[in-house]
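Working through the structure, step by step
Okay, here's what each chain looks like letter by letter:
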Amino acid sequence: MNRRAHLRLEETRPRARGRERGRRAAAEIARTWRTYAELFDATAAAGGRSLDVPELALASVAATRAWAPDLVEEMEGVAEGADVPLWVVAALNARTEILSEAAAPRAGECSTVVHVGASRSGTSAGNGAGNGAGNGAAGRTVGGQSWDWHEELADGWHAQSVRGAAGDPADGGSLAFTGITEYGILGKIGLNEAGVGVLFNILGHAGDGAGGVPVHLVARRALGSAASFDEAIAVITGAPVSASTVMTVVTAGRAASVEVSPAGAAVVHPDAEGWLVRTNHFQDPVLAAGEHRGRLEPETYDRLRVLGERVRGRDGIAGPDDLAALLTAHPGDGAEVCCHAPAGGRLGTRWATLATVLVEPAAGLFQVHDGGPCTAGPGTWETLAVPTG
């Protein structure tokens, strides 16, 4: 198995942690930034727009400083360690917002499935009961997703394990976590030492743009500070964002999707069978009134339909290979859940599934496969451990 680079960060103070990230991944941050700079220009030009990326990036810094100043301090450390301007690191972390400002088209994106298992007593864990680990698929809360992004950025992501620090997060304290992210971006998909997992799908709202707290930093904040399901929901719903995303919070006995947008936030709970299925459109009826992505690219509804049909009547996700089978769907199956880039095409149009992720919080289990679910199998999954001690 070819293992993806795994960045293990040992520093515990925000600026020092950032410097460590920047220093150890300087070449990769520079390479990833060059691709994003080209992507920003290409998508803006395709829409007949121009972008002042430094200005947009620094606006996100100001919004983040007012909400979570420790994250700005960490980004400053990354810039120092990688020897790049702060606005470059900020632009990487705000890449979703900047692409929203450019009105970037999308031709594929992430798909998520989560099942909340029943407790040992048979009570639905979706109502906060015990995790029932070890009772088979029906007694385990398991989630996972495909992560689709631009093929040109296939070498722009890595695994990470970040050590925690005692104390209040506002004063530099944090929880340890592991997961995957892109070079220079503080967080994305992961699981922390308290058993709080975060999965991540981009949405699109008519009010989306740049200038708010980047959604990737919201995910990072939840992973680094939320010690419970309720704390994670509070962190995400309280973030003053300017672009839309759904972050699905998964713990040992509970799960919910939190839709965030400039128009507000909403929490979507599992269905009666304990399933949450997410693609790239709003499910909350109020926020759906501002739906942008689904109106332009209705394939998101096709993916939701196919995955919904596949999970109906199932009693859970048995493990990584079972997850891969659920997510392996190509155009001939009614929707392209497992995305493959075309041979040609310009930057911004070549989408591919870059990673497949499984999280089982009760077992402290985070697993990642480098590539789409149709290429996964025994021996292709890497297990990432949350740092301890």
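In the block above lies the structure referred to throughout.
As a starting point, this report considers the structure included with it.

The rules behind each value
- Chains are numbered independently. Their residues run from 1 in the order of the written sequence.
- Local features are withheld for residues below a pLDDT of 70 in this predicted model, meaning they are given only at 70 or higher, and side-chain atom pairs are given and counted only at 80 or more; totals for whole chains, interfaces and linings count all residues.
- In computing side-chain properties, one takes all heavy atoms of the structure into account and sets aside hydrogens as well as water.
- Helix and strand definitions follow DSSP, with helices as H or I runs of at least four residues and strands as E runs of at least two, each counted in order from the N terminus.
- Using C-alpha atoms as the atom set, the radius of gyration is obtained and then compared with a globule rule of 2.2 Å times the number of residues to the power 0.38.
- Relative accessibility under 20% of the residue-type maximum defines a buried residue, over 50% an exposed one, and the middle range a partly exposed one, all with a 1.4 Å probe and only protein chains included.
- Working rule for contacts: check all heavy atoms of both residues, and any pair within 4.5 Å makes them a contact.
- Multiply 1.5 Å by the residue count of a helix minus one, and that product is the helix's expected span.
- In protein, a polar contact requires one atom able to donate a hydrogen and another able to accept it; more generally it is a pair of N or O atoms within 3.5 Å, and residues adjacent in sequence count only if both atoms are side-chain atoms.
- Strands were regarded as paired on the criterion that DSSP finds at least two bridges between them.
- Angular values range over 0 to 180 degrees, each being the angle between N-to-C directions of two axes fitted as lines to C-alpha atoms, with helices fitted over their stretch in contact.
- By definition, a salt bridge exists where a carboxyl oxygen of Asp or Glu is found within 4 Å of a side-chain nitrogen of Lys or Arg.
- For Phe, Tyr and Trp, rings pair up if their centres lie within 6.5 Å, where Trp contributes its six-membered ring, and each pair is then called stacked (planes under 30 degrees apart), edge-to-face (over 60) or tilted (otherwise).
- Two conditions define a charge located above a ring, namely a distance within 6 Å from the ring centre to NZ of Lys or CZ of Arg, and an angle within 35 degrees of the ring normal.
- For this analysis, a nonpolar core means a set of buried residues of the types Ala, Val, Leu, Ile, Met, Phe, Trp, Tyr and Cys, connected via side-chain atoms within 4.5 Å.

1. Quick notes on the overall build of the protein chain
A tally of regular secondary structure across the protein chain gives twelve helices and 14 strands. Relative to the globule expectation of 21 Å for 389 residues, the C-alpha radius of gyration of the protein chain, 19 Å, shows essentially globular dimensions. Burial statistics for the protein chain: of 389 residues in total, 59% are counted as buried. In the protein chain, the proportion of contacts linking residues at least 24 apart, taken out of those at least 6 apart, comes to 67%.

2. A look at helix 3 (residues 53-67)
Over its 15 residues, helix 3 runs 21 Å from end to end, which matches the ideal 21 Å to within 8%, given 1.5 Å per residue. Buried residues of helix 3: Val53, Leu56, Ala57, Ser60, Val61, Ala63 and Thr64, and no others. Buried-residue contacts for helix 3 involve helix 2 (26-46), helix 4 (69-82), helix 5 (86-93), helix 6 (95-101) and helix 7 (215-225). N-capping of helix 3 is provided by Asp52, with a side-chain oxygen placed 3.2 Å from the backbone N of Glu55.

3. A few points about the sheet that holds strand 3 (residues 142-150)
Taken together, the six strands give an open sheet; going across it, the order is 11-2-3-12-13-14, and neighbouring strands pair in antiparallel fashion. The sheet is open, and its two borders are formed by strand 11 (275-278) and strand 14 (381-384), each paired with just one other strand. Each strand axis lies, on average, 15 degrees off the axis of its neighbour in the sheet, ignoring direction. Of the pairings in the sheet, the one linking strand 13 (residues 365-370) to strand 14 comprises four bridges and is antiparallel in character. Bridging across to strand 14, His369 finds its partner in Trp381. Sheet strands in contact with helix 11 (residues 299-311) are strand 2 (111-115) and strand 11, and its direction is about 155 degrees off that of strand 11.

4. Observations regarding the sheet that holds strand 8 (residues 245-250)
Sheet architecture is open: eight strands sit in the order 1-4-5-6-7-8-9-10, paired in mixed fashion. Only two strands of the sheet have a single neighbouring strand rather than two, namely strand 1 (6-9) and strand 10 (264-268). Strand-to-strand, the axes of this sheet are offset by a mean angle of 20 degrees, without reference to chain direction. As defined by bridge partners, strand 9 (residues 255-261) adjoins strand 10 across five bridges and the pair is classed as antiparallel. Looking across to strand 10, one finds that Val260 is bridged to Ala265. Along the sheet face, helix 7 touches strand 5 (177-182), strand 6 (189-192), strand 7 (197-202), strand 8 and strand 9 and points at about 170 degrees away from the line of strand 7. In the packing of helix 8 (residues 229-237) onto the sheet, the strands contacted are strand 8, strand 9 and strand 10, and the crossing angle to strand 9 comes to about 10 degrees.

5. Some words on the pattern of salt bridges
Once their charged atoms are close, side chains differing in charge can pair, the charge on each being opposite to the other. In this structure the tally under the stated criterion is 21 salt bridges. Glu80 serves as the salt-bridge partner of Arg19, at 2.8 Å between the closest nitrogen and oxygen. Taken together, the residues span a long stretch of sequence, with Arg19 in helix 1 (residues 14-24) and Glu80 in helix 4 at a distance of 61 residues. Residue class for Arg19 comes out partly exposed when judged on its relative accessible area of 36%.

6. Concerning the pairing of strand 6
The alternating pattern of strand 6 places Ile189 and Leu191 and Gly190 and Asn192 on opposite faces, both of which are buried. Strand direction decides the pairing type here: strand 5 and strand 6, joined by four bridges, are antiparallel. Each residue of the ladder has a partner; that of Phe177, found in strand 6, is Asn192. Between strand 5 and strand 6, which pair antiparallel and follow one another directly, the connecting turn spans six residues, one of which, Gly184, has a positive phi of 90 degrees.

7. A look at the environment of Ala288
Its place among the elements puts Ala288 in helix 9 (residues 285-288). The class for Ala288 is partly exposed, based on a relative accessible area of 24%. When the C-alpha positions of Ala288 and Gly204 are compared, they lie 9.7 Å apart, and in sequence the two are 84 residues distant. Setting aside its immediate chain neighbours within four residues, Ala288 contacts Phe282 and Arg295.

8. Here we look at the side chain of Arg350
Assignment of secondary structure puts Arg350 in the loop between helix 12 (320-327) and strand 12 (351-360). Polar side-chain contacts of Arg350 include one of 3.0 Å to the backbone oxygen of Pro342. With residues up to four places along the chain from it excluded, the contact list for Arg350 reads Trp149, His150, Glu151, Glu152, Ala341, Pro342, Ala343, Gly344 and Gly345.

9. So, the packing of aromatic side chains
Summed over the entire model, instances satisfying the criterion amount to five aromatic pairs. Residues Tyr36 and Phe40 carry aromatic rings whose centres are separated by 5.8 Å and whose planes lie at 35 degrees to one another, so their mutual orientation is tilted. With Tyr36 and Phe40 both in helix 2, this residue pair falls four residues apart, about one helical turn. Neither Tyr36 nor Phe40 differs from the other in exposure class; each is buried. Each residue in the set Trp33, Tyr36, Phe40 and Trp87 is aromatic and connected to the rest through ring pairs, giving one cluster. Against the face of Trp149 rests Arg95, its NZ or CZ located 3.8 Å from the ring centre.

10. Observations concerning the nonpolar core
By size, the foremost hydrophobic cluster in this structure holds 84 residues, and its most contacted members are Ile180, Met247 and Phe366. In contact with Phe366, other than residues within four places in its own chain, are Thr178, Gly179, Ile180, Ile189, Gly190, Leu191, Val357, Leu358, Val359, Glu382, Thr383 and Leu384. With 17 residues, the next largest nonpolar core counts Trp275, Val277, Ala324 and Leu326 among its residues.

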